[in-house]
Structures are given as C-alpha cells and as structure tokens.
Protein chains: 2
Amino acid sequence: MYYSTRFILLYGVNNLSYRISEFADKCRVNKETIRYYERKNLLQEPSRTNSGYRTYSEDDVKRVGFIKRMQELGFSLNEIYKLLGVVDKDEIRCQDMFEFVSKKEEEVKKQIEDLKRIERMLKDLKKRCPDEKELHECPIIEALIED
Amino acid sequence: MYYSTRFILLYGVNNLSYRISEFADKCRVNKETIRYYERKNLLQEPSRTNSGYRTYSEDDVKRVGFIKRMQELGFSLNEIYKLLGVVDKDEIRCQDMFEFVSKKEEEVKKQIEDLKRIERMLKDLKKRCPDEKELHECPIIEALIED
DNA sequence: ATAAACCGTGTACTATAGTACACGGTCAAG
DNA sequence: CTTGACCGTGTACTATAGTACACGGTTTAT
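No experiment lies behind these values; they were computed from the predicted model shown. (Residues numbered from 1 in each chain as written. Chains lettered and ligands numbered in written order. Predicted model: local features only at pLDDT ≥ 70, side-chain atom pairs only at ≥ 80, totals over all residues. Heavy atoms only, no water.)

Some thoughts on the packing of aromatic side chains
Residues and elements named next belong to chain A.
Consideration 1: Inspection of every chain in the model, using the stated rule, returns 4 aromatic pairs over all chains.
Consideration 2: Note on phenylalanine 23 and tyrosine 56: the rings are 4.0 Å apart at their centroids and 5° apart in plane angle, and the pair reads as stacked. Separated by 33 residues along the polypeptide, phenylalanine 23 in helix H2 (residues 20-27) and tyrosine 56 in strand E3 (residues 54-56) bring together distant segments of the chain.
Consideration 3: Here phenylalanine 23 falls in the buried class, since its relative accessible area comes to 0%.
Consideration 4: The ring of tyrosine 81 has arginine 93 sitting right over it, with the charged end atom 4.2 Å from the ring centre. (Phe/Tyr/Trp six-rings, centres within 6.5 Å; stacked < 30°, edge-to-face > 60°. Helix = DSSP H or I, 4+ residues; strand = E, 2+ residues; numbered from the N terminus. Buried < 20%, exposed > 50% of the residue type's maximum accessible area, 1.4 Å probe, protein only. Lys NZ or Arg CZ within 6 Å of the ring centre and 35° of its normal.)

Given below as structure tokens:
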C-alpha cells in the first residue's frame, strides 16, 4: 500500500510531517542550520521520502527548540549534544552524565549569581542616565570593575 | 629627570606597572589576547617605554577582569566595548546608552529565569542518575523539550 | 660581549556556529 | 512538457574570539 508524499503530508498517515524548509521556518532557524545540526548529530538522521527529501515531525521542532534555548544560555553545541544523549538513550554519551551534570549545575548557579549582579549594575546605570536618556559619567561599572 | 625602566618597574615612580607578559599572566589571558583587545579598542592604547614596550597598570588588570566576567555571562566583545564607553566617558558610545542598557537588562532578567529552570532540570537529572552515577532514561529533559 | 628572555608588528591559522551558493534532481501546475 | 519552487550534496565563505608564529629589535644576566 503506497501513499503519495502529498497525501502523507496532508493527511498524516505518518503523523504530520514537514519538509526541511517548512521545518526550519517552524524552528525559526535557517535551513542550512538544520543540515548543520544533522552533520553535528544534534538531530538524528531524518526519515526521507522516496526521492530522498528529509521529513521532520513536531517532536523535531521541540528538539530544535531545546537546542536553541540551551544555546542562548551559553551551552555549546557539544554540551547540548551530550545532554541529548539522555533523550536519545545513548549509553556512551550517558556514561559520565552525573559528573557532567554536576559540573554544569555549579556553573549555572554561579552564572545566576553573577547575572543578578549584572542586573543590579544595569539598573543602576539606567537610573543614573540623566533625564532617563544619556550620561557620560557613571561610576557603577567602575564599582563592578573593582572587586 | 630620567629613570630606567627597571627602576620604574621596581620602585614605581609611575605607580606599579607591568609589561605585557606579566600583565597577561595577572589577567589570566594570553598575551596575544591583550593585543587583540587593544586592536578592538577594549583596551586603550597603553603607554610605552622608550623602546616601545607596552606598560599596564593595576587598573588595566581590573578592566580585563571586567571584560572577562561580562564575556562569561554572554556579552559579546562589542557589547562590552559599548558598556566601557561609560567608563571611558566617550560621548559617542554613551549616546543611546539608556536604550542599550534597558534592552540588556530585559535580556538578563529573562536569562536568569531560564537559568533557574535549567538549574532545576540539572538537579532533577542528577537525582535520577541511579546510584548517583549513571542513567539511560531521564524524562526531565523531555519535559524541557516540551513547553 | 653575547645568549636568553623579552617585546613589537604583521600575518596566518584555529574553533565554533553558522550561511551561501553552485550544480543537479524532483514534482506539481499550467 | 516545461517552468518554478523545492530538495540534496558538496564546498566555500563569514563572523567572533582568539592563538601561533616568524622576523627583527631590546634588555638583562652571565
């Protein structure tokens, strides 16, 4: 029993599935970025249509969302790859997961504390901008430079 | 009245001052990174000895410390350059400082919230590592992938 | 006085994270 | 049955943030 690609795309025998361009749009990234993530194994080999076109699912959209969010928080693609070992149930990547996660937890804690200080600095900086617009003298950063 | 470089370095007529290598060591960065920051105007033209050697002060050490800390928190060198406009009392860089700082403040706030969620995720992930060591199934990241 | 240890300049190279593009195949509409 | 909008592969290019190195001058210890 065969279905045309169009039929599958429209009625989702195989669930709802996207071609690379639509998928990239949904993920709000460049099409090439998707291929790049595939090369880096952040996305597993996608299934393909008969003619070799990649197809993606809603789950893949979530996965890219996870990658992007982690990345914005300073995780490198390699670190994200490592974490995804859990999702992919990959024993190799899971081997020293406890150490890895513990280390990252410490880093994240420290980062939160540092960011709170930066937030205070930025607030102060804003307050001192005369008539809420400009300033040439602001000793707050200098305070942060000390320490 | 002239002093030898050695005399100045030892007895600090001009305050305590460092040559590039010692300075880089104190800052815990590569010597080339210092020159790179100079090229990118993150460090102002340093004063020089008669023979053209760069000399740095304790304040410069603090400045590099500031750069490094901001960088670790996800600020780009360009953004740090902008912020340093305040310290350098540079009117051009200070022009839209209020908008810039406001935008960064929002970003930092969001980042703190996101990091807290990541922290929870990492904590959960750790807890679920059987006998505090390994695991192949961890539904927490999956939870984060959703949302 | 001479070698070791610095320094300056300039240029090239590296890693990370993409982005662009050329060339050729596929497919659906007119 | 051809045109336009896709797609795949491969390769090259970009920005950011460094890092390394060669060549030649300086300083300092021996």
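Observations concerning the protein's contact with DNA strand D
Consideration 1: Among the 20 residues in the neighbourhood of DNA strand D, the closest are listed as Arg19, Ser21 and Arg54 of chain A together with Tyr53 and Gln71 of chain B.
Consideration 2: At the protein interface, 69% of the atoms of DNA strand D within 4 Å belong to sugar or phosphate.
Consideration 3: At 3.4 Å from a sugar or linking oxygen of DNA strand D is found a side-chain nitrogen or oxygen belonging to arginine 48 of chain A.
Consideration 4: Here a base nitrogen of DNA strand D and a side-chain polar atom of tyrosine 53 of chain B are 2.8 Å apart.
Consideration 5: Looking at the surface near DNA strand D, the elements that each hand over two or more residues are H2 of chain A together with helix H3 (31-39) and helix H4 (58-72) of chain B.
Consideration 6: Of the residues forming the surface near DNA strand D, the biggest block, 4 residues, is contributed by H3 of chain B. (Near = heavy atom within 4 Å. Polar contact = N/O pair within 3.5 Å; in protein donor to acceptor, adjacent residues only side chain to side chain.)

Quick word on the confidence of the model for chain A
All names here are of chain A.
Consideration 1: Taken residue by residue, chain A gives an average pLDDT of 84. The fraction at 70 or more is 78%.
Consideration 2: The secondary structure element of chain A with the lowest average pLDDT is helix H1 (residues 5-11), at 46, and the one with the highest is helix H3 (residues 31-39), at 98.
Consideration 3: Contacts for the low-pLDDT stretch residues 1-14, under 50 throughout, to residues beyond four places or in other chains number 12 contacts. (pLDDT = per-residue confidence, 0-100. Contact = heavy atoms within 4.5 Å.)

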